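Descriptive structure summary
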Amino acid sequence: MDTINDFISAALPYTEWPMFLLLIGGGLFLVFYSKFLPYRFFGHAIAITAGKYDSDKSEGDVSSFQALSAAVAATVGLGNISGVAIAIHDGGPGVVFWIWVTALIGMCIKFYSCSLAVMFRSTDSDGKLQGGPMYYITQGLGPKAKPLAIFFAVCGLFGFLGVFTANQFTETFMSVVEPNRTIADMGSFNWQLCIGVVLAVVTSFVIFGGLEKIAKVASAIVPFMVMVYLIAVVVVMVLNASQIIPSLKLIITEAWNFKTVVTGGFWGLVIIGVRRAMFSNEAGLGSAPMYHGQSKTDNPIKEGLVAMLGPFIDTILVCTFTAVVIILSGAYLEDGSGIVMTLSAFETTLFGYGDVLLMIIVTAFAMSTLFTYSYYGVKCLSFLTNARIGKFYNWYFVIMIVFAAVASLDLVKNLIDLSYALMVIPNMIAVLLLAPKVNKEAKKYFQKLKSEH
């Protein structure tokens, strides 16, 4: 495992700048190119999600609300609860500011990429409707761009493994339940292995049941768990109301700390923020378009507007709440990284029971993320081969859950960072080249909307 980790961490710096330029540079270009469209029609996007504009004639498998809950389920999860902790651990409180900036830009990227996913839908070898980067790259940019799509799908085979989730869930269980002390002393490795096996078994029941079940389970669990999590956070904030403003002030002042101790100085700080934000809301990554590409909608622009709410819910709301709790509880000054830091923050602030509550929430998030991610990987493998072979991805996915349960946080984090950075490159190139087509559609859509009202 150390050998793999050394190889991956050596490769990471080479992917940093291309990712950064495409995500932030490309994203800023889209913000101005769209004339701030996603932000101006924020209210309209909420109305669409609420089902105000649904029609029965639309093609697709799931409703816009379901596609959004599934995409939010895949993103609101451990990325927000432990990803933020890792970011603060690696770069201090100022990182949160750069996470916000990336999320605001990410809303615009999501709008473009998910509109493209619906615009260039096609069917797979089973005759099922499919959307996503592989399809808008090959159809939008033409056959010459096929290598880009293949490159994206190959990186997806690694990026869409549930390794981070399985790893962080195991950490949570080990530090809250302390099974060696409370259940039976079998050594940490054996416990991690057991947890991995149990997770793998539970996940396989749902995965082998197919997408309809995933959408049903996710749209049932997730909104409820997000609510519980937000209530817990609000309680913490009310109890420590005097600390909220100082915490937010710390985030903003530290964001411009040019003498920061982070490796890579100020830019290192920004890059950590960008990476964790991308991990948290997946804007620019190309995973959400695969979900939104299947929603029942008669218009790509409508779906793009629904999709852009993802980064807002997920990063501006959930990540900020988590960050404030971590900062005001003082947990960020401790040694633990990842979920352990968040657990300690909740335990300190919620009468010593916060970590147990968080464990229940993490269990729900972990399950929903594991159920949704396998589906992305199946799509990548199906694109590279055919729909029949694509289903075998699930077996590989389930085996890797066990591997992740015993792996180190560093290895898992680096593997995800590398795969994500490599996926951003082909996806953002395609989104930037196809942006004019989205603008053309948007113009038509808003003219039609005006004439109807």
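The rules behind these values
Residues numbered from 1 in each chain as written. Predicted model: local features only at pLDDT ≥ 70, side-chain atom pairs only at ≥ 80, totals over all residues. Heavy atoms only, no water. Helix = DSSP H or I, 4+ residues; strand = E, 2+ residues; numbered from the N terminus. Buried < 20%, exposed > 50% of the residue type's maximum accessible area, 1.4 Å probe, protein only. Areas by Shrake-Rupley, 256 points an atom, 1.4 Å probe, with all protein chains shown as cover. Core = buried A, V, L, I, M, F, W, Y, C linked by side-chain atoms within 4.5 Å. Contact = heavy atoms within 4.5 Å. Expected span 1.5 Å × (residues − 1). Patch = residues over 30% accessible without salt bridge, like charges linked within 9 Å, V, L, I, M, F, W, Y side chains within 5 Å. Salt bridge = Lys/Arg side-chain N within 4 Å of Asp/Glu carboxyl O. Lys, Arg positive; Asp, Glu negative; His and termini not counted. Charge placed at Lys NZ, Arg CZ, Asp CG, Glu CD. Axes fitted to C-alpha atoms, helices over the stretch in contact; angles between N-to-C directions. Parallel < 35°, antiparallel > 145°, perpendicular 65-115°, else oblique. pLDDT = per-residue confidence, 0-100. Left-handed = near helix turned anticlockwise from the far one by under 90°. Nonpolar A, V, L, I, M, F, W, Y, C, P; charged D, E, K, R; others polar. Phe/Tyr/Trp six-rings, centres within 6.5 Å; stacked < 30°, edge-to-face > 60°.

A word on the overall build of the chain. Regarding its fold elements, the chain presents 23 helices and 2 strands. Across the 453 residues that make up the chain, the buried fraction comes to 60%. Total accessible area computed for the chain in this model is approximately 18100 Å², and 67% of it derives from carbon and sulfur atoms.

A few words on unusual backbone geometry. At Lys35, a position not held by glycine, the phi torsion is positive, near 55°. With respect to the helices and strands, the residue Lys35 is situated in the loop between α1 (2–33) and α2 (37–40). We note that Phe36 has phi near 60°; this positive angle belongs to a residue other than glycine. Mapped onto the secondary structure, Phe36 falls in the loop between α1 and α2.

In globular proteins that are soluble, nonpolar side chains generally tend to be buried together. Ranked by size, the top nonpolar core spans 144 residues in total, and within it Tyr136 and Leu305 carry the most contacts. No other element matches helix α23 (residues 409–452), which puts 21 residues into this core. Sequence-distant contacts of Tyr136, defined by excluding residues within four places in its chain, comprise Ser113, Leu116, Ala117, Phe120, Leu141, Pro289, Asn427, Ala430, Val431 and Leu434.

Within the fold, Thr15 resides in helix α1. Contact partners of Thr15, with chain neighbours within four places excluded, come to Leu418, Ala421 and Leu422.

With 14 residues, helix α22 (residues 393–406) extends 21 Å between its outermost C-alpha atoms, agreeing within 8% with the 20 Å of an ideal straight helix rising 1.5 Å per residue. Within α22, burial applies to Tyr393, Asn394, Phe397, Val398, Met400, Ile401, Ala404, Ala405 and Val406. Residues of α22 that are buried make contact with α9 (146–159), α10 (163–177), α12 (188–207), α20 (354–384) and α21 (387–390).

What follows is about a positive patch on the surface. Residues Lys35, Arg40, Lys443 and Lys450 make up a contiguous surface patch of positive charge. Considering the arrangement of structural elements, one finds Lys450 in helix α23. Judged by its relative accessible area of 69%, Lys450 falls in the exposed class.

Attention now moves to the packing of helix α3 (residues 42–49) against helix α17 (residues 300–307). It is the contact of α3 with α17, at a shortest axis distance of 8 Å, that shows an interaxial angle of 100°. With respect to their mutual orientation, α3 and α17 come out roughly perpendicular. From α3, His44, Ala45, Ile48 and Thr49 reach across to α17, where they touch Lys302, Leu305 and Val306.

What follows is about the environment of Leu415. By the secondary structure assignment, Leu415 is in helix α23. Along the backbone, Leu415 and Leu12 are 403 residues apart, and their C-alpha atoms lie at a distance of 9.1 Å. Beyond its immediate chain neighbours, meaning those up to four positions away, Leu415 contacts Ile8 and Val163.

Looking now at the confidence of the model for the chain. Looking at the chain, the pLDDT average stands at 81 and 88% of residues meet or exceed 70. Here helix α4 (residues 64–75) is the element of the chain with the lowest mean pLDDT, 66, and α9 is the one with the highest, 91.

Let's shift gears to the packing of helix α18 (residues 309–328) against helix α19 (residues 339–349). Two quantities define a packed helix pair, namely the angle between the axes and the distance from one axis to the other. Across the interface, α18 lies against α19 with an axial gap of 9 Å and an inter-helix angle of 70°. Between α18 and α19, the crossing angle belongs to the class labelled roughly perpendicular. Considering the relative orientation of α18 and α19, their crossing is left-handed. Seen from α18, the contacting residues are Thr322, Val325, Ile326 and Leu328; seen from α19, they are Met341, Thr342, Ala345, Phe346 and Thr349. For the contact of α18 with α19, the per-class residue count stands at 6 nonpolar, 3 polar and no charged.

Per the counting criterion, the structure on display carries 1 salt bridge. One salt bridge connects Glu441 with Lys444, and the closest N-O pair in it is separated by 3.4 Å. You can see Glu441 and its partner Lys444 sitting in helix α23, 3 residues apart, about one turn around the helix.

In this description, an aromatic ring pair is defined by two values, namely the gap between the centres and the angle between the planes. Tallied over the full model, the rule gives 15 aromatic pairs. Ring geometry for Phe97 and Trp98: centres 5.1 Å apart, planes at 85°, overall edge-to-face. A single burial state applies to Phe97 and to Trp98, both of which are buried. Aromatic ring contacts, followed pair by pair, group Phe41, Tyr445 and Phe446 into a single cluster.

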